[in-house]
Amino acid sequence: MVGVAADSSQASELSSAKNPMIKYLLKQRENHARVQDADYSHVFRRKTRFELFRLSAIAMAIEFAYAAETSFVSPILLQIGIDHKHMTMAWGLSPLIGFFVSPLLGSVSDRCKLRWGRRRPIITLLSLGIFLGLILVPYGKNLGVWLGDAGYNYTTSSYANDSTVAAALLSAESVPESGASPANFKFAVILTILGMVLLDFDADTCQTPARTYLLDMCVPEEQPKALTTFTLFAGFGGTIGYAIGGIDWETTHIGSVLGGNIPTVFTLVTIIFVICYLITVTTFREIPLGLIERDELLRPLSESAIKKELKKNNNAIYYIQENSTLDQQMKSTEEPIASYQNSYLPALGNKLKKPHDLELQADDAAPISLRGYLKSIFIMPYSMRMLALTNLFCWMGHVTYCLYFTDFVGEAVFHGDPTAPPNSAPLLLYEEGVRFGCWGMSIYAFSCSIYSLSVTKLMKWFGTKAVYISGMVYYGIGMLILGLWPTKWGVLVFSTSAGILYGTLFTMPFILVANYHAKNCFRVHNGETVPLKQARGLGTDVAIISSMVFIAQLIVSLCVGPLVAWMETTCAILYASTFLSFAAAIAAMFVLYV
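In what follows, the accompanying structure is described. Just so we're clear, the structure is a prediction, and the values are computed from it rather than from any experiment. (Residues numbered from 1 in each chain as written. Predicted model: local features only at pLDDT ≥ 70, side-chain atom pairs only at ≥ 80, totals over all residues. Heavy atoms only, no water.)

Let us look at the overall build of the protein chain. When its secondary structure is counted, the protein chain shows 23 helices and four strands. The burial tally for the protein chain puts 57% of its 594 residues in the buried class. Intrachain contacts of the protein chain at a sequence separation of at least 6 include 83% that bridge at least 24 residues. Element-wise, carbon and sulfur atoms account for 64% of the exposed surface of the protein chain, whose accessible area totals about 24,700 Å². (Helix = DSSP H or I, 4+ residues; strand = E, 2+ residues; numbered from the N terminus. Buried < 20%, exposed > 50% of the residue type's maximum accessible area, 1.4 Å probe, protein only. Contact = heavy atoms within 4.5 Å. Areas by Shrake-Rupley, 256 points an atom, 1.4 Å probe, with all protein chains shown as cover.)

Rendered as structure tokens:
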């Protein structure tokens, strides 16, 4: 027990931002990066709050797009003639692509040698896909009519008891000529589903390089704060995005100019998305991979690099005299560390008995082959497998809520019908329910922002494991109550539980992955770290954890439609969320917490 405590103390000292060795190494790298052809010194210094805001703006942009997608894509698909079963299967196209492509993009990002950097080119490519999706989804129906779609066809017998519907059916202006059928929306279906796939795949995948770009630009000790800011902005973007969807734009001047609710929402979201994208990609210059491979002092500062420096300097740590001459002295990286000695401390490196403790981790090592990256995707250590499984169950529970919640509110709470004729009472009720569901999802996104502000403090007070598991349990209870009693107040109150789960999904797994890499700790045996022999890239591991959303969405899209048809109620969506969140809580008990 004494040895374990000593090792823990050592690890704490090595990872502490106040450690003089870390201060020296960071300052050494900062000054070295400043004298390159371009100034890269920002990579090795702490960031201001405003800089973290700029780095996280892309998260807000993605959530704006995601809010518009999750609020309106399902209603749009239902209204152009796709039933629940096929609508949920359409949602499976994007994750089917994303499951295979997302980790590969993570590997490409880790290996990208463009002078513009490794992360920003991928962010730009995926942002272009989001932009195209934001155009195709709201205007797919209009483009379909332009290409030859005939439109609606309803028989009066289906809604013979509804006088409003009957009047609409007798109006030539409301309903197209007889003989048209939902099948005549074939071009609209193709274009809308294409836009949905582009929007959904790129929005989910873009979070990986955006998050990795954030981690690359931050020194290790501020990464939890950076991820918290990222989550805060994601929640803020979702809050405004869903609120925009909750407004009845048809009664406003802007809505009448832009053509109704859906075109107005997507136009506003597109403008905001482009602005936020530009803010993030112009924040900091990335160090090109070629420079990182050639120059060790331009590589990220990891714990293994600190241990190597300790070994090289006879396991001694020195206080650094912080005065006006320090910057000038450190410009010469050839000088020994003893030049900055102020006082001598007992060695903390005497416990580094094993030669492989001094191995550099993937970020510091020689370039990894493509084969090695692909191998790291499919062959993971136990800690990564359990974290991925937990994230999979979490995403399955959350995706079930996100993709079908507005449809649930429109049908189960407001008792509307998305397949009813235009201007009919059931359809108007359904559309009112969809807008009300947007307000519930706005509350969910807002609660995610609030939770992200306190998650790091909760981790310090109660521990990472307790906070991680409790978020899943609370979500499961909230969804169960809402499913049993589908009411308007329940929609608003229990949407907060979804926000807490989303805040957990956005922070916890990536804090753990960042810690695994920073400490080169993927396995602990008898209280001691067992170094990993397999080379692993941070971008690849972040992509693997992020790609669980694709597997989750694929499984959910194949199962939710038959489940709703079997139970004959959209409340089945929330029952599934409850079961999956409890499964995630059980899996989280076996995760490695560093």
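Next comes the rest of the description.
Moving on: helix H22 (residues 548-567). Between its first and last C-alpha, H22 extends 27 Å over 20 residues, near the 28 Å set by a 1.5 Å rise per residue. Taken as a whole, H22 carries its principal kink of about 30 degrees at Cys559; the proline Pro562 stands between one and four residues after it. Among the residues making up H22, those that are buried are Met548, Val549, Phe550, Ile551, Ala552, Gln553, Val556, Ser557, Val560, Gly561 and Val564. The first or second residue beyond H22 is Glu568, which carries a positive phi of 55 degrees. (Expected span 1.5 Å × (residues − 1). Bend = angle between axes of the 7 residues up to and from the residue.)

Our focus in this paragraph is empty space enclosed by the protein. Applying the stated criterion to the full structure yields four cavities of 30 Å³ or more. Contributing to the lining of the largest cavity are Asp204, Gln207, Arg211, Asn391, Trp395, Leu505, Phe510, Ser546 and Val549. Among the elements of the structure, helix H8 (186-217), helix H16 (382-413) and helix H20 (495-518) are those that each provide at least two residues to the lining of the largest cavity. For the lining of the largest cavity, the element with the most residues is H8, which contributes three residues. Among the residues forming the lining of the largest cavity, the class breakdown is four nonpolar, three polar and two charged. (1 Å grid on protein atoms, 1.4 Å probe; cavity = no way out; pocket = protein on both sides within 12 Å on 5 of 7 lines; lining within 4 Å. Points joined across faces, edges and corners; volume = space filled by probe spheres on them. Nonpolar A, V, L, I, M, F, W, Y, C, P; charged D, E, K, R; others polar.)

This paragraph deals with helix H11 (residues 261-281). The terminal C-alpha atoms of H11, which comprises 21 residues, lie 31 Å apart, in line with the 30 Å expected from a rise of 1.5 Å per residue. Among all positions of H11, only Asn261, Pro263, Thr264, Val265, Phe266, Val269, Thr270, Phe273, Cys276, Tyr277, Thr280 and Val281 are buried. Buried residues belonging to H11 abut helix H3 (49-79), helix H6 (120-147), H8, helix H9 (223-246), helix H10 (253-258) and helix H17 (425-462).

It is worth spelling out the packing of H8 against H9 at this point. In contact at an axis separation of 10 Å, H8 and H9 are set at 140 degrees when each is read in the N-to-C sense. As far as their axial angle goes, H9 and H8 are oblique. Helix-helix and strand crossings are classified by hand; for H8 and H9 the assignment is right-handed. Each of Gln207, Ala210, Arg211, Leu214 and Leu215 in H8 lies in contact with H9, whose residues at this interface are Gln223, Ala226, Leu227 and Phe230. (Axes fitted to C-alpha atoms, helices over the stretch in contact; angles between N-to-C directions. Parallel < 35°, antiparallel > 145°, perpendicular 65-115°, else oblique. Left-handed = near helix turned anticlockwise from the far one by under 90°.)

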